[in-house]
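Structural overview
Here is how the chains run, residue by residue.
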Amino acid sequence: MPSVAEKSTSVDLLASQFPVTLPIPTPTTYSNLLSIKDVQREEDLLRNPSSFRAWWTAIHTTKEAYSAQLKAERRVNVPDEIATLLGPLATPLARHSLQCLAYLYEAAIVQFPGSFKLWKSYLQMRMSYVLGRQVIKKRAGGRKKLPEMKDALEEEKEDLESWEDGLNGVVGWGEWRSLIATYERALMWLPKLPRLWLMYTSIFFHPMCPSLISHTHARRTFDRALRTLPPSLHSRIWVRYLLWAETKGGSTTVSVYRRYLTVDPSVTEHYTSILLSPVDSVPRPLEAAKLLLSLARKASRGEYVSPEGKSSYQLLGDFLDIVERFSDEVGFDVEATIESNDVYAKADAESSQTDGQLVRMDGPPVPVGTDGAYDEDEDPLSPRKLNIERIVHKDGLEVYKDQAGRLWTGLATYWIKRGEFDRAISTFEAGIATVLTIRDFTQIFDAYAEFCESLINAMMESLESPEEDDDEDTKETEREMDIKMKEFEALIDRRPFLVNDVLLRRNPNDVQEWEKRIALWGEDDEKVADTYTKALETINPRKATANLHRLYVNFAKFYEEGGSSGSAEPDLDSARKILEKATKINFKAVEDLADIWCEWSEMELRHENYDEAVRVMQRAAAIPKNTKINYHDHSLPVQARLFKSLKLWSFYVDLEESIGTVESTKVVYDKIMDLKIANAQVIVNYAAFLEENQYWEDSFKVYERGTEVFTFPISFEIWNIYLAKFVKRYGGSKLERARDLFEQALEKCPPKSCKPLFLMYGQLEEDYGLAKRAMSIYERATQVVADENKFEMYTIYIAKATANYGLPATRPIFERALEVLPDKQTAEMCLRFAALERKLGEIDRARAIYAHASQFCDPRVNPKFWQEWNSFEIETGSEDTFREMLRIKRSVQAQFNTEASYLAAQTLSAQQNGTSEQSSAAQPADPMAAAEQQAKGPAFVAAKKTALPRPDEDQASSAADLAPQQADNADEIHISDEEDS
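The structure displayed is predicted, hence computed values, not measured ones. All residue numbers here refer to positions counted from 1 along the written sequence of the relevant chain. Since the coordinates come from a predicted model, pLDDT governs what is reported: local features require at least 70, and pairs of side-chain atoms require 80 or more to be given and counted, while whole-chain, interface and lining totals use all residues. Excluded from the side-chain calculation are hydrogens and water; included are all heavy atoms of the structure.

What follows is about the overall build of the chain. Scanning the chain for helices and strands turns up 48 helices and four strands. The buried share among the 981 residues of the chain stands at 41%. Pairs at least 24 apart in sequence give 62% of the contacts found in the chain among residues at least 6 apart. Values of accessible area rely on a 1.4 Å probe in the Shrake-Rupley scheme; residue burial ignores everything except the protein chains shown. Surface summary for the chain: the accessible area is close to 53100 Å², and the carbon and sulfur share equals 53%. By the criteria applied, helices consist of DSSP H or I runs no shorter than four residues and strands consist of E runs no shorter than two, each listed in order from the N terminus. Accessible area is worked out with a 1.4 Å probe on protein chains only. A residue is then buried under 20% of its type maximum, exposed over 50%, and partly exposed in between. Pairs of residues are marked as contacts when any of their non-hydrogen atoms sit within 4.5 Å.

Here it is, written out as structure tokens:
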């Protein structure tokens, strides 16, 4: 195994071979540089020194020749250690080829010093021998033309050059230095080409690049590139510069990024992530926190837009994450925080005295603003730590009130990480006492409970493995653990109250939450009374939620029933005071105040203070002098509109009916009527009350007042009850008065409501009057009632006429009905009319009625009509009449054979047969085809007698013989050829 001295000697021996290109190889310095084969090339170049093509051809010919030789050689008999150290220059042939090519390039550059093409080819050749073989990366898609710096850094990191088998920086230091010198000479001739600078700077990313080149020289080279190139090309250099700085780490990264941030602050977020996880240095959390705090404040003012799409709150959240991770390095301790808070409090007090608008400086007053003012908390160069509490309150809680849970828990976590548990607990308590949403409360409470559990677990673990001779510490720990467990249990028990506090802070006028608060105290009468009192003092009646009056009522019942448990003595005086106070509250609705008075009266009734209950209602229902007050005028207090509350008067009148006299009840009802607040139910109740007490005429007067006040359809119910009561009471003794009442009711009654009144009127005339008047009333009814009731009215009219005058008298009624009824009801009325004529023996009249009704009846939709007519013709008709019936049927079917009616008939037929497929298969798809199929004969009126006698007349089938054929096809008529001719 070789010793260290031998290794050093071998390394020195290898290093002595370099540099091979310095001084620049020439035939005078290297005798073996040219051979006999190269004489012709040299002569051609000497004859044409200004021909770029000649030089370019000679260079490429020589390069290809050496490339072929190098591929054939493939480092034969070269040890691996030497191949690793020397890379592409491991063989003498490779070194000789480098010298020959360098000689040609240098000679060409003497002739063309300003050719970028020649310099680029030369430098790439030199880099291939020193840096190794370049790895070509495949890229999917193109690059953005002018990307943001954040995107440019990511793309450049992916596209950064990489090499294999480079020359070792120690062994080949001379060759590396020669390559750098060549680049410097190229930049001396072509300083404004960014491509040349980028090729130069790519050397600094090579892993074997000597440290003397890749550190200070690289930084100075980047700086020279920025000074040399125009500002429009600086972004291309800065991308490489920032990536190089990231690889070096430490103060180099910080100084380079700080320089760039003065030009473009868009990569500040990327810079903070580098500060927190640097490559080869210690994290700088304080600088990162100050940078993120500055970004969060600028974003909240609209001065900064995050390239990553983060909002100002998300940036503040990143700041809190840093504070939680590096609490000791970033923020003040408790004492420094308290001192800083006092200083800021004094400054705020002084600024509030001067209104915070002007500050005295040299010259006139200058307004103070956030823009341009120096803030040490945002200065990343300042070593002063941050007052985390003030930042969270000022920049977090005051701005992002909907994210209070995350901010409070972050602040508490900061104190926990610093070991300030008491400060953390006070932070949790302050957060719970100020949040306004259940989400924030849950977040803080869960973190609080988790902290308490972890603290107790830590104490229990310390007790499980106590140290020797520490009995006092063990006892102290046990006492502290008992205290913490009691505090934790108290915290869990307080949770419902804390949730209720949150909801009441969000809306102190929420009546339902105050009721829940009262229910939480259970049977603690003192707490319940205090909560009731606090609720009534806090709630604004005009902003309260529903059922504020129930809070007063329940408070009064609390005293009435002797507390929540009922163990105390009832205190009616306190209950009356509460209700008295409630009557002076300006509630949202009049009905709420009416409920208060009603509950007060009911309380007096429960304790059998009947006179007091009546006096309470008399106070509530006192009518002011000015009664022309709009009940729905919300600009007036509810006390001024209370006298028009029907709910209050309804309770008052029920109270008078129960414990008062008839006269007092009538007085209350009359007041309701005078105030014009009565509804139909009040009218009916008043009349029923008078009827129960035998005041018949007075009850009828109430009905009449109700019919005058209300219009139809409300007055219809009053008329209905009134007329029924009047007829039941007087019968036929006051017939003319009853007739007048009916005429008054029918005078303004709409058609859709007058049918019951006509029937009642007609029944009155039948029972106590004249039949002729009854018939005239029914006839009026058929003309006045709505269309949907006319059929039923005609049916009743016909029945009454039949009973009074017989069947023949109904013919004109039927005829009038056929004129006014709709088609469908006309068909039904025709069937009844035809049945009447059959009873009277008028067969021809019945047949004419059937023929008239046939125009309204589609055979496919209304088969009942045609079956009845068919039966009629079989029983009473002849062959001619039967044929005429069938002809009419086909004609009507063709008439109704439109698409809509056809589909309706088909659907109906399918429903009757149980399946729609069979029906659709039986019927043709085309309506015209169906008409042609069913109407086989011509649609003309057939004569009963022809001009010539029919020879087969005696062979014609009778109607009874045609019945079996109709089973196959009811519409088909078999006509012989002679008849057809």
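Topologically, Thr707 is positioned in helix 33 (residues 696-709). Judged by relative accessible area, which is 14%, Thr707 ranks as buried. In this structure Thr707 touches Ile718 and Trp719, once residues within four positions along its chain are discounted.

Exposure above 30% relative accessible area and the absence of a salt bridge qualify a residue for a patch, where like charges join within 9 Å and nonpolar side chains (Val, Leu, Ile, Met, Phe, Trp, Tyr) within 5 Å. Think of a salt bridge as a Lys or Arg side-chain nitrogen and an Asp or Glu carboxyl oxygen that are within 4 Å of each other. Counted as positive: Lys and Arg. Counted as negative: Asp and Glu. His and the chain ends are not counted at all. All charge positions are set by atom: Lys at NZ, Arg at CZ, Asp at CG, Glu at CD. Residues Asp333, Glu335, Glu339 and Asp342 make up a contiguous surface patch of negative charge. Of note, Asp333 is situated in the loop between helix 16 (327-330) and helix 17 (334-353). Among the residues examined, Asp333 registers a relative accessible area of 31% and is labelled partly exposed.

The next subject is the environment of Glu154. When you line up the elements, Glu154 lands in helix 7 (residues 149-159). The spatial distance from the C-alpha of Glu154 to the C-alpha of Leu243 is 9.6 Å, given a sequence separation of 89 residues.

So, on to the environment of Leu292. Its place among the elements puts Leu292 in helix 14 (residues 285-300). Sequence separation between Leu292 and Glu269 is 23 residues; the distance between their C-alpha atoms is 7.2 Å. Those residues within four positions of Leu292 in sequence are excluded, and the remaining contacts are Thr272, Leu315, Asp318, Phe319 and Ile322.

Moving on, we come to the nonpolar core. Nonpolar cores were defined as sets of buried Ala, Val, Leu, Ile, Met, Phe, Trp, Tyr and Cys residues, with membership established by side-chain atoms within 4.5 Å. With 135 residues, the main nonpolar core has Ile203, Phe319 and Ile388 as its most contacted residues. Other than its neighbours up to four places away in sequence, Phe319 contacts Ala289, Leu292, Leu293, Leu386, Ile388 and Ile391. Core analysis: the second largest hydrophobic core is formed by 125 residues, Ala556, Met673, Tyr686 and Leu741 among them.

We now examine the pattern of salt bridges. Enumeration over the complete set of coordinates arrives at 57 salt bridges. Notably, a salt bridge pairs Arg832 with Glu828, separated by 3.9 Å at the nearest N-O pair. With Arg832 and Glu828 both in helix 40 (residues 823-839) and four residues apart, this pair spans about one turn of that helix. A cluster of three or more residues bridged by salt bridges with shared partners is formed by Arg297, Asp375, Glu378 and Asp395.

For the rest of this paragraph, the subject is the packing of aromatic side chains. When two rings of Phe, Tyr or Trp (its six-membered ring) have centres within 6.5 Å they constitute a pair, described as stacked for plane angles under 30 degrees, edge-to-face for angles over 60, and tilted for the intermediate range. If you walk through the whole model with that rule in mind, you get 45 aromatic pairs. Judged by centre distance (4.7 Å) and plane angle (10 degrees), the rings of Phe222 and Tyr241 are stacked. Residue Phe222 is located in helix 10 (residues 211-228), and its partner Tyr241 is located in helix 11 (residues 234-248); the two are separated by 19 residues in the primary sequence. Residue Tyr241 is classed as buried on the basis of its relative accessible area, which comes to 0%. Each member of the aromatic cluster is reached from another via a ring pair, and the members are Tyr183, Tyr200, Phe204, Phe222, Trp238, Tyr241, Trp244 and Tyr260. Note that Arg495 overlies the ring of Phe445, its terminal NZ or CZ placed 5.1 Å from the centroid. Distance and angle both matter: a charge sits over a ring if NZ of Lys or CZ of Arg is within 6 Å of the ring centre and within 35 degrees of the ring normal.

Here helix 19 (residues 404-417) is 14 residues long and its end C-alpha atoms lie 20 Å apart, about the 20 Å a rise of 1.5 Å per residue gives. Across the 14 residues of helix 19, eleven count as buried, placing the element largely inside the fold. For helix 19, the full list of buried residues reads Ala404, Gly405, Arg406, Leu407, Trp408, Thr409, Gly410, Leu411, Ala412, Tyr414 and Trp415. Expected span of a helix, by definition, is 1.5 Å for each gap between consecutive residues, and there is one gap fewer than residues.

For any two helices packed against each other, the geometry comes down to the angle between their axes and how far apart the axes lie. In contact at an axis separation of 11 Å, helix 18 (residues 388-397) and helix 19 are set at 175 degrees when each is read in the N-to-C sense. With respect to helix 19, the element helix 18 is oriented roughly antiparallel. Listed contacts from helix 19 to Ile388, Glu389, Val392, His393, Gly396 and Leu397 of helix 18 are Ala404, Leu407, Trp408, Leu411, Tyr414 and Trp415. As a working rule, the residues Ala, Val, Leu, Ile, Met, Phe, Trp, Tyr, Cys and Pro are called nonpolar, Asp, Glu, Lys and Arg charged, and the rest polar, with Gly in that last group. Broken down by class, the residue content of the contact of helix 18 with helix 19 amounts to nine nonpolar, two polar and one charged. Comment: axis = line fitted to C-alpha atoms, over the contacting stretch for helices; angle = value between 0 and 180 degrees taken between N-to-C directions. Angle categories are assigned with fixed cut-offs, so that under 35 degrees is roughly parallel, over 145 is roughly antiparallel, 65 to 115 is roughly perpendicular, and the rest are oblique.

Once that is clear, we can look at the state of the cysteines. By definition, a disulfide is the covalent link that joins the sulfur atoms of two cysteine residues. Two cysteine sulfur atoms make up a disulfide if the distance between them is within 2.5 Å. The full count for this structure, using the stated rule, is zero disulfides. No disulfide involves Cys749; its nearest neighbouring cysteine sulfur is the one of Cys754, lying 5.1 Å away. Cys857 carries a free sulfur, and the closest cysteine sulfur to it, the one in Cys830, is 7.7 Å from it.

All right, on to the confidence of the model for the chain then. When the pLDDT values of the chain are averaged, the result is 82; 86% of them are 70 or greater. On a scale of 0 to 100, pLDDT captures the predictor's confidence in every residue. Note that residues 356-371 has pLDDT below 50 and, in this model, 15 contacts with residues that lie over four places away or in other chains.

Here the focus is helix 40. Over its 17 residues, helix 40 runs 24 Å from end to end, which matches the ideal 24 Å to within 8%, given 1.5 Å per residue. The complete set of buried residues in helix 40 reads Thr826, Ala827, Met829, Cys830, Leu831, Phe833, Ala834, Leu836 and Glu837. Next to the buried residues of helix 40 lie helix 38 (787-805), helix 39 (811-820), helix 41 (843-853) and helix 42 (863-876). Trailing helix 40 by a residue or two, Gly841 shows a phi angle of about 85 degrees, which is positive.

Turning our attention to unusual backbone geometry. A cis amide bond links Leu22 to the next residue, Pro23, at an omega of 0 degrees. As for its placement among the helices and strands, Pro23 is situated in the loop between helix 1 (4-15) and helix 2 (39-47). With a phi angle near 60 degrees, Asp165 is a residue other than glycine that sits in the positive phi range. By the element assignment, Asp165 lies in the loop between strand 2 (163-164) and helix 8 (173-189). One non-glycine residue, Lys676, adopts positive backbone phi at about 60 degrees.

This part takes up the environment of Glu329. Topologically, Glu329 is positioned in helix 16. Residues in contact with Glu329, not counting those within four places in the same chain, are Pro285, Leu286 and Lys385.

Glancing now at the side chain of Asp377. Here Asp377 is to be found in the loop between strand 4 (366-367) and helix 18. Of the residues examined, Asp377 reaches a relative accessible area of 6% and is grouped as buried. Among the polar contacts made by the side chain of Asp377, one reaches the side chain of Arg384 at a distance of 2.8 Å. When sequence neighbours within four positions are dropped, the list of residues in contact with Asp377 reads Lys290, Leu293, Arg297, Tyr344, Arg384, Leu386 and Ile391. Polar contact criterion, stated in full: a pair of N or O atoms within 3.5 Å, where within protein one must be able to donate a hydrogen and the other to accept it, and residues adjacent in sequence count only if both atoms are side-chain atoms.

For the pair helix 23 (residues 511-520) and helix 24 (residues 525-538), interaxial distance at closest approach is 9 Å and the crossing angle is 165 degrees. In terms of orientation, helix 23 lies roughly antiparallel with respect to helix 24. Helix 23 and helix 24 meet at a crossing whose hand is right-handed. Here Trp514, Arg517 and Ile518 of helix 23 lie close against helix 24, whose contacting residues are Val528, Thr531, Tyr532, Lys534, Ala535 and Thr538. Crossing handedness follows the turn of the near helix against the far one: under a right angle anticlockwise gives a left-handed crossing, and clockwise gives a right-handed one.

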